[in-house]
Amino acid sequence: MGVKQWMPGVKPEAKGTVHGMSQTAIVRKDWDTYFMDIAYMVSTRSRCLRRRVGAVLVQGKKLLGTAYNGAPMGVPDCSEAGCMIAEQYELEIVDGVERVVKKERCIRTIHAEQNLLLFTDRIDREGSTVYVTDQPCWTCANMLANSGVTEIVYHRPYPKDADKVNWLMSRKGIIFRQLASYEPPAEAAGGIDDN
C-alpha cells in the first residue's frame, strides 16, 4: 500500500505520469548545465550595457554564493551614467612578430568574479568550483588563481586575454574548461555587446 500525495489544484493523473508526462520523459540536467544556468540567471541582475556576467561558487554540489558585474553599491551604474571606457595597449607576439594591440575596457563595474570573491569566505572557496558565464579576464584570473578554487568552468570565450589566462590556469594547476556546446536559458541568453 503506497502513500498518495495530493497537491491543491492538481488533478490526479494516470499511474506512471507526472503532470501528463511519463516519468521516463523527465530528464534531469547534468550538474554543469544546472550551475551554468544559475550563473546565467544571476547575470540578469547586471545593468552593464556591454556584457552581463554571472558567477556562482559551488563546493561539491552545494551552491555557496552568487555574484554579477556592476558598479559598487550606491554608485551610478553604466545604465545611469554611461560606460567608463579605459584604453590599454599591450605588446603581443604572434608567430615571432611583435605588434601593439589596443584594448578597451569599462572600468565602472566590479566584475562578477571579483564580487564573488568579495562576498564569499576563503574557507568556502578552498577546493571549490566557480561557474562563470564568461571566461575571466586577466585581472579576475589572477584573483581566482589565489582564491583557493580548484576549477573554473565558463561558457563564452573572452579572446582579449585568453592566451594569458590559459597559461596562468595551467601553471597554477587549476582545472579550466569551457562548456562550448552549452545553451543558456532563453530568458538569460542576451547581454553581450563586443563593440
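Scope of this entry: the structure provided in the associated data block. (Residues numbered from 1 in each chain as written. Predicted model: local features only at pLDDT ≥ 70, side-chain atom pairs only at ≥ 80, totals over all residues. Heavy atoms only, no water.)

### Points about the sheet that holds strand E7 (residues 129-134)
Item 1. Taken together, the five strands give an open sheet; going across it, the order is E4-E3-E7-E8-E9, and neighbouring strands pair in mixed fashion. The outermost strands of the open sheet, each flanked by one partner alone, are strand E4 (62-68) and strand E9 (175-178). Strand-to-strand twist in this sheet, taken as the mean axis angle between neighbours without regard to direction, amounts to 15°.
Item 2. The pairing of strand E3 (residues 54-59) with E7 spans four bridges and is classified as antiparallel. What sits directly across from Ala 55, in E7, is Val 132. (Pairing = 2+ DSSP bridges. Helix = DSSP H or I, 4+ residues; strand = E, 2+ residues; numbered from the N terminus. Axes fitted to C-alpha atoms, helices over the stretch in contact; angles between N-to-C directions.)

### Some points on helix H5 (residues 138-145)
Item 1. Buried within H5 we find Cys 140, Ala 141, Leu 144 and Ala 145. When H5 is viewed along its axis, its buried side chains cluster within an angular range of 135° and face the same direction. (Buried < 20%, exposed > 50% of the residue type's maximum accessible area, 1.4 Å probe, protein only. Arc of directions from axis to C-beta.)

### Considering a nonpolar patch on the surface
Item 1. A grouping of Met 73, Leu 118 and Phe 119 is seen on the molecular surface, where their side chains present a nonpolar patch of about 410 Å² in accessible area.
Item 2. Looking at where Phe 119 falls in the secondary structure, it is placed in the loop between helix H3 (112-118) and helix H4 (122-125).
Item 3. For Phe 119, a relative accessible area of 57% gives the class exposed. (Patch = residues over 30% accessible without salt bridge, like charges linked within 9 Å, V, L, I, M, F, W, Y side chains within 5 Å. Areas by Shrake-Rupley, 256 points an atom, 1.4 Å probe, with all protein chains shown as cover. Salt bridge = Lys/Arg side-chain N within 4 Å of Asp/Glu carboxyl O.)

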